Amino acid sequence: MTSLTLAIVVVFIMGYLCIALESLTKVNKAPVALLMCVACWTLFMVNPSEFVLSGMPELTGNTAGILAHVGESLREHLGETAETLFFLMGAMTIVEIVDTNGGFNFVRDAIQTHSKRGLLWRIAFMTFILSAILDNLTTSIVMIMVLRKLVADKQDRMVYAALVIIAANSGGAFSPIGDVTTIMLWIAGSITTVGVITEILLPSLVSMLVPAFIMQYMLKGDLPAMSKSAEDSALAFTRTQRRIIFFLGVGGLMFVPIFRYLTDLPPYMGILLVLGVLWTATEIFYRGTHLGDDSMSARVIALLRKIDMGTILFFLGILMAVGCLAEIGVLTAMGRGLESISGGNHYLVTGIIGVLSSIVDNVPLVAGCMGMYPIAPTGDMAVDGIFWQLLAYCAGVGGSMLIIGSAAGVVVMGLEKITFGWYMKRITWVAFVGYLAGILTYWVERMLFFD
């Protein structure tokens, strides 16, 4: 590792520590992530040829060509990051529209219970199922909005929100459309729909059940009754209109993977389609109400101001900084190191990758693995082989161990203002136990049914 590469890694680690210690430093994570991103790329530009020429020796002596390549790489990373951010902003806006106009009220009524532990199990299973149908990011936003209508106590709601992160990541791991990494592996042909569902469903379920069983003891007593009659009567829309908004919003989110399959357009285009349809529907509904100008505060144009831009900018900084690490070859080198240390033990390699995915974004980690390991005709590296299925499980579920280890965790962190320290102290060990339990379940499953 050269001194420049080491400097970039040190800057990333220092920035990451500042983010992790946000509760102590009292400095918001968003500016830290942005500074970390700019610092990493600035160091990269001190001597870009050091990194570019290793992969493109034909550019030796061509300074303009090297700079053009760096610019192209930056645009590529920014484009990939922007796809995630626009998807996130669109999904957050859609859910905010549905929530503001009472669309989640009958969902709240369906799962409402006075028992705190009873609600925890209902939330766990609903999140697990929805994240396989939608995706873990969108499901997390939906479930947090529902929780806000059911749980008034901030401390209790943080426990529920932490379980939402775990259940969403577990549910997304066994579905080819439930997580970005499983989508990547599915599109690349490393896993098949039937294969990943058949073999990863049970381990994913265990990785949710074990933490839920532990976390139920963090909750005691019953939930106070929350009045909803005044809230419902204050809404501008009728019950039928609220249900239409719910099905347009949530049904539209479910349609996004189908839209992607039919058109081959990226997911954010599907989100923009759903947002446009839902926005138009609410404008038509408001035109028929008696509120007139008084409805402006609840209309979409006003709700757009509620988007948590701090979370969006934090996500931007983190993903672009990780992109710099990928560009200098650190992630690929890390993967090769794991392979040599483990001696080819795929359970150990993917297990460590899962832990790493809670620290850095799992997308470049999985992309690095896909580049390092070609699909073999037979054996553990074949389609639906042990390596690829474990990679889908570990990269998805492993992100639950730290709150900034997954898109679901980042968005919940922003919505509920959960600190990195609180999550690490209370939830990290719980998620880790569930993570290991799922790997053990997969091993037993392979021994009994698939070998």
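Relevant structure appears above.
The notes below deal with the structure included here. (Residues numbered from 1 in each chain as written. Predicted model: local features only at pLDDT ≥ 70, side-chain atom pairs only at ≥ 80, totals over all residues. Heavy atoms only, no water.)

## A short note on unusual backbone geometry
As a reminder of what qualifies: In this description a helix means any DSSP run of H or I spanning at least four residues, a strand means any run of E spanning at least two, and both kinds are numbered starting from the N terminus.
Backbone geometry at Asp264 places phi at a positive 65°, although glycine is not the residue there. Among the structural elements, Asp264 can be located in the loop between helix H13 (239-263) and helix H14 (267-287). In this structure, Asp384 is a non-glycine residue whose phi angle is positive, near 65°.

## Topic: the state of the cysteines
How we decide: Only a pair of cysteine sulfur atoms within 2.5 Å qualifies as a disulfide here. In this scheme, a residue with accessible area under 20% of its type's maximum is buried, one over 50% is exposed, and one in between is partly exposed, where area comes from a 1.4 Å probe on protein chains only.
Applying the stated rule across the entire model yields zero disulfides. Not engaged in a disulfide, the cysteine Cys40 finds its nearest cysteine sulfur in Cys324; these two sulfurs lie 5.1 Å apart. Classification of Cys40 as buried rests on a relative accessible area of 0%.

## Overview of the nonpolar core
The condition that has to hold: Residue types Ala, Val, Leu, Ile, Met, Phe, Trp, Tyr and Cys, when buried and joined through side-chain atoms within 4.5 Å, form a set referred to as a nonpolar core. Whether two residues are in contact is decided by their heavy atoms, any of which lying within 4.5 Å being enough.
Judged by nonpolar contacts, the single largest core of 136 residues is most densely connected at Phe104, Met215, Ile404 and Tyr423. Per element, the largest residue contribution to this core is 12 residues, and it comes from helix H5 (residues 63-100). Aside from chain neighbours lying at most four places away, what touches Met215 is Leu120, Val159, Ala162, Leu163, Ile166, Ile427 and Val430.

## So, the pattern of salt bridges
Worth spelling out the cut-off: Criterion for a salt bridge: a side-chain nitrogen of Lys or Arg within 4 Å of a carboxyl oxygen of Asp or Glu.
For the coordinates displayed, the defined rule picks out six salt bridges. The shortest N-O distance in the salt bridge between Glu416 and Arg157 comes to 2.9 Å. Of this pair, Glu416 sits in helix H21 (residues 407-416) while Arg157 sits in helix H9 (residues 154-173), and the two are 259 residues apart along the sequence. An identical accessibility class is assigned to Glu416 and Arg157; each is buried. Among the ionic pairs, Glu199 bridges to Arg446, the shortest N-O distance being 2.6 Å. Here the residue Glu199 occupies a position in helix H11 (residues 193-215), and Arg446 occupies one in helix H23 (residues 428-450), the gap between them amounting to 247 residues. Within the structure, one salt-bridge network assembled from shared partners comprises Arg148, Lys154, Arg157 and Glu416.

## Regarding the packing of helix H18 (residues 346-356) against helix H20 (residues 386-397)
Stated formally: The axes are straight lines fitted to the C-alpha atoms, using for helices just the contacting stretch, and the angles between their N-to-C directions are given from 0 to 180°. Each angle receives one of four descriptions, namely roughly parallel if under 35 degrees, roughly antiparallel if over 145, roughly perpendicular if within 65 to 115, and oblique otherwise. In this scheme, a crossing is called left-handed if the near helix is turned counterclockwise away from the far one by less than a right angle; it is called right-handed if the turn is clockwise. Three classes are used: nonpolar for Ala, Val, Leu, Ile, Met, Phe, Trp, Tyr, Cys and Pro, charged for Asp, Glu, Lys and Arg, and polar for all others, with Gly counted as polar.
Relative orientation of the contacting elements H18 and H20 amounts to 25°, with a least axis distance of 8 Å. In this view, H18 runs roughly parallel relative to H20, as classed from their interaxial angle. The element H18 and its partner H20 pack so that their crossing is right-handed. Across from His346, Tyr347, Val349, Thr350, Gly351, Ile353 and Gly354 in H18, the residues of H20 making contact are Ile386, Phe387, Leu390, Leu391, Cys394 and Ala395. The residue makeup of the contact of H18 with H20, split by class, is nine nonpolar, four polar and no charged.

## Regarding the packing of helix H1 (residues 3-20) against helix H3 (residues 29-44)
Viewed as axis vectors pointing N to C, H1 and H3 meet at an angle of 180°, and their least axial separation amounts to 9 Å. As judged from the angle between their axes, H1 and H3 are roughly antiparallel. For the pair formed by H1 and H3, the contact residues are Leu4, Ala7, Ile8, Val11, Phe12, Gly15, Tyr16, Cys18 and Ile19 on the first element and Lys29, Val32, Ala33, Met36, Ala39, Cys40, Leu43 and Phe44 on the second. Class assignment for the residues of the contact of H1 with H3 results in 15 nonpolar, one polar and one charged.

## Remarks on the packing of aromatic side chains
Heads up, the condition is: Each pair of aromatic rings taken from Phe, Tyr and Trp, with Trp reduced to its six-membered ring, is defined by centres within 6.5 Å and is described as stacked if the planes are under 30 degrees apart, edge-to-face if over 60, and tilted in the remaining cases. Lysine and arginine charges are scored as sitting over a ring when NZ or CZ, respectively, is within 6 Å of the ring centre and within 35 degrees of the ring normal.
Counting across every chain of the model gives 13 aromatic pairs. Ring geometry for Phe128 versus Phe174: centroids 5.4 Å apart, planes at 20°, classification stacked. Of this pair, Phe128 sits in helix H7 (residues 116-133) while Phe174 is found in the loop between H9 and helix H10 (180-188), placing the two residues 46 residues apart along the sequence. You'll find Phe128 and Phe174 in the same group, each marked buried. On the basis of an interplanar angle of 80° and a centroid distance of 5.3 Å, the ring pair of Phe246 and Phe247 is categorised as edge-to-face. A relative accessible area of 51% means that Phe247 is categorised as exposed. Among the aromatic residues, those joined into a cluster by ring pairs are Phe12, Tyr16 and Phe420. The lysine or arginine in question, Lys29, covers the ring of Phe314, its NZ or CZ lying 5.6 Å from the ring centre.

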